[in-house]
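The primary structure of each chain is shown beneath.
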Amino acid sequence: MLILTCPCCGVTAEETEFHGGGEAHITRFGPGSSEDDFHGYLFEKVNPKGVHFERWRHNNGCGKWFHAARCTVTLEVFGTYSAQTTEPPQDIKDKISAKRPGWSWREFA
Amino acid sequence: MKRYSAFAVAREALRNHMGWERAWASPEPKKKYDVIIIGAGGHGLATAYYLGKNFGITNVAVLEKGWLGGGNTGRNTTIIRSNYLQDPSAAMYEKSRSLYETLSQDLNYNIMYSPRGVIMLAQTEHEVRGYKRTAHANALQGVTTEFISPQRVKEIVPIINLDGPRYPVLGGLWQARAGTARHDAVAWGFARACSDMGMDIIQKCEVTGISREGGRVTGVTTNRGDIACDKLGIVVAGHSGHLADMAGFRLPIESVSLQALVSEPIKPCMDCVVMANTVHGYMSQSDKGEMVIGGGTDGYNNYTQRGAFHHIEETVRALVETFPMISRLKMLRQWGGIVDVTGDRSPILSKTPVEGVFINCGWGTGGFKATPGSGWGFAELMAKGHSPLCNEFGLNRFKEGRFIDESVAAGVAH
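Residues numbered from 1 in each chain as written. Chains lettered and ligands numbered in written order. Predicted model: local features only at pLDDT ≥ 70, side-chain atom pairs only at ≥ 80, totals over all residues.

Peer 1: What is the right way to look at the overall build of chain B in this model?
Peer 2: Within chain B one finds 12 helices and 18 strands. The C-alpha atoms of chain B give 21 Å as radius of gyration, which agrees with the globular expectation for 414 residues (22 Å, within 12%). Residue burial in chain B is summarised as follows: out of 414 residues, 53% are buried. Of the contacts made within chain B by residues no fewer than 6 positions apart, 75% connect residues no fewer than 24 positions apart. (Helix = DSSP H or I, 4+ residues; strand = E, 2+ residues; numbered from the N terminus. Rg over C-alpha atoms; globule rule 2.2 N^0.38 Å. Buried ≥ 20, exposed ≤ 12 C-beta atoms within 10 Å, placed from the backbone. Contact = placed C-beta atoms within 7 Å.)

Peer 1: How should the overall build of chain A be read in this particular structure?
Peer 2: Looking only at helices and strands, chain A features two helices and six strands. Sequence-ordered secondary structure for chain A, helices as α and strands as β, is β-β-β-α-β-β-β-α. Its C-alpha atoms give chain A a radius of gyration of 14 Å, near enough to 13 Å, the size a compact globule of 109 residues would have. With respect to the three principal axes, the spread of C-alpha positions in chain A is 40 × 35 × 25 Å. Going through the 109 residues of chain A one by one, you find that 22% of them count as buried. Relative to all contacts within chain A whose residues are 6 or more apart in sequence, the contacts with residues 24 or more apart total 51%.

Peer 1: Explain the packing of helix α3 (residues 87–101) of chain B against helix α10 (residues 371–384) of chain B here, please?
Peer 2: Working note: a packed helix pair is described by the angle between its axes plus the distance between those axes. Residues and elements named next belong to chain B. Contact geometry for α3 and α10: axes closest at 7 Å, N-to-C directions at 110 degrees. With respect to α10, the axis of α3 lies roughly perpendicular. α10 is crossed by α3, and the crossing has right-handed handedness. Packed against α3, whose contacting residues are Met-92, Tyr-93, Lys-95, Ser-96, Leu-99 and Tyr-100, the element α10 presents Thr-371, Pro-372, Gly-373, Ser-374, Trp-376 and Gly-377 at the interface. Grouping the constituent residues of the contact of α3 with α10 by class yields six nonpolar, five polar and one charged. (Axes fitted to C-alpha atoms, helices over the stretch in contact; angles between N-to-C directions. Parallel < 35°, antiparallel > 145°, perpendicular 65-115°, else oblique. Left-handed = near helix turned anticlockwise from the far one by under 90°. Nonpolar A, V, L, I, M, F, W, Y, C, P; charged D, E, K, R; others polar.)

Peer 1: When you look at the domain arrangement of chain B in this model, what are you seeing that I'm missing?
Peer 2: The parts lose accessible area when they come together, and the size of an interface is often stated as this lost area. Residue and element names in this part refer to chain B. Domain parsing of chain B yields domain 1 (30–82 + 84–109 + 183–252 + 344–410) and domain 2 (118–180 + 255–342). The distance between the C-alpha centroids of domain 1 and domain 2 comes to 27 Å. Every contact between the two is made by 31 residues of domain 1 and, on the other side, 28 residues of domain 2. Put simply, the parts of the chain that give the side of domain 1 that touches domain 2 at least two residues each are β3 (79–80), α3, α8 (240–247) and α12 (406–410). Considering each element in turn, the side of domain 1 that touches domain 2 owes the most residues, four residues, to α3. Of the residues contributing to the side of domain 1 that touches domain 2, the split by class is 11 nonpolar, 13 polar and seven charged. (Domains from an automatic or database assignment.)

Peer 1: Please clarify how the pairing of strand β12 (residues 253–265) of chain B should be interpreted in this entry.
Peer 2: Both faces of the sheet carry side chains from a regular strand, because those side chains alternate between them. Residues and elements named next belong to chain B. Burial analysis of β12 places 11 of its 13 residues in the buried class, the great majority of the element. Relative to strand β15 (residues 290–297), β12 runs antiparallel, the two sharing five bridges. Each residue of the ladder has a partner; that of Val-262, found in β15, is Val-292. (Pairing = 2+ DSSP bridges.)

Peer 1: Explain the confidence of the model for chain B here, please?
Peer 2: Of all residues in chain B, 98% attain a pLDDT of 70 or more, and the chain-wide mean is 94. ipTM for the predicted complex: 0.92, alongside a pTM of 0.94. (pLDDT = per-residue confidence, 0-100.)

Peer 1: Is there a simple way to think about the interface of chain B and chain A in this case?
Peer 2: Contacts between chain B and chain A engage 19 residues on the former and 17 residues on the latter. Looking at the side of chain B that touches chain A, the elements that each hand over two or more residues are α8, β12, α9 (309–322) and α11 (397–400) of chain B. Broken down by element, the side of chain B that touches chain A gets its largest block of residues, three residues, from β12(B). Taken together, the residues of the side of chain B that touches chain A sort by class into seven nonpolar, nine polar and three charged.

Peer 1: Which parts of the structure should I look at to understand the environment of B:Asp226?
Peer 2: All names here are of chain B. The topology assignment puts Asp-226 in strand β11 (residues 225–234). Each C-alpha atom, one on Asp-226 and one on Phe-393, is 31 Å from the other, the two residues being 167 residues apart in sequence. Ignoring sequence-local partners within four residues, the contact set of Asp-226 consists of Gly-219 and Thr-221.

Peer 1: Please clarify how the pairing of strand β6 (residues 77–82) of chain A should be interpreted in this entry.
Peer 2: Residues and elements named next belong to chain A. Note that strand β5 (residues 65–71) and β6 share five bridges and pair antiparallel. Following the sheet pairing, Arg-70 is matched in β6 by Val-77. What sits between β5 and β6 in their antiparallel hairpin is a turn of five residues, with Leu-75 showing a positive phi close to 65 degrees.

Peer 1: In this structure, what is going on with the sheet that holds strand β3 (residues 19–23) of chain A? I would like to understand it.
Peer 2: Remark on secondary structure: sheet strands pair via backbone hydrogen bonds, oriented parallel or antiparallel. Residue and element names in this part refer to chain A. The strand order β3-β4-β5-β6 describes an open sheet built from four strands, whose pairing is antiparallel. Only two strands of the sheet have a single partner each, and these edge strands are β3 and β6. Mean inter-strand twist for the sheet, computed between neighbouring axes without regard to direction, equals 30 degrees. Direction of pairing for strand β4 (residues 51–57) relative to β5: antiparallel, over a ladder of seven bridges. Across the sheet, the residue bridging to Arg-57 is Trp-65, located in β5. Against the sheet, helix α2 (residues 90–99) touches β4, β5 and β6, its axis set at about 170 degrees to β6.

Structure representation (structure tokens):
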């Protein structure tokens, strides 16, 4: 069972208070983009075995969206951070590097 | 291979069962094979079996990182049915169900196929309309199903409560020739038949890399050395994304944990399978007497083979209203398997961007029932480059917008 801390309201709770929103940091392609870009945006998931970045919503709490860095094998949560960003903050990346040296996820490492 | 028969049982009974041989060999890997299948679960072994049986390709290795049938093959709730809405799915699952009918005889291995019937309960008006539509579609597809009344449901399942306040039973989609089979035996039976054809089943052999040359596969790197091959079939369910990453492409797949649980064994009380999709639970009684209950998938990607606790409560809470007698049952075991879910909830049986690499994945929450059909079609695809059964399940359907939208048909786990 996941224990997450909402960075918006500061509440720490277990997973039934939240709702997973899938992969984070996806570049959105719309009309005018190439078919490959649009297909990649819609369907090609990272689906990693290990470090993963996700969108979550505190839907039984403050209702706001945020991001979480998590391990899909051990369910360890490395940290949560604001959704108003295009890449994980450095302190989260440092925490992951300390526990999972050599990790990479899409263009981040 | 010595055949199993009533005579063999009698013969062995007279000589203290000293004459039984190992069901399959455990050879060391050779340097090269015509075909390597990654994953010795039901689908991988079925693929190898039909490669040999239908196409005479027997220089085949099946590599397995753990033990044979130890993944989702040994973790599912063993339900077999083919009452799907879309034509490509109905064709695939009905082929599979029909192969199950005679699989014990084909393999000379008792897989305990039990066509005990499956009811999918309609508990909302929406479901009533949906299942009537499916019954009509099935009639056109040649799949025998019918929409039955609540009274008929009660006759078939006496322990059911039709008048639940939240989830009344308004009818059901009944497939009489659907049922269950012994999941381990399916894997073991295929493994024994493959081994008998001279194929190598290599357990505890984890693939760590896929070698390519000029866009073509040349072999795999494993913890037991490099093995070369002409064609490679990836049949690894939850780990499909992981293997595709090694081969250098991405899949429209997300891996989540799906869980099941069984109760303590009780006397026979329900001789069919009941699925209640609105409340997201399904139940059957095993030959040992345990009530086998399928639960829900986790709401986030993971590889834990465990499943979130609160789903147990959700599933059991809902089933208790429909089956009041199970409120007194103790649950014995709970486990999870990693299922590979695609955007349209339909599988992928396809060539890939790497020449010579084929992938069979995306069966999501309903792969066991498809085991022989999937092997049949995928073997044809690997041997001939195309298969009528697999045509619609290509990887390119996502780009081309040709979804096989079964999430609408089944709604939940299937």
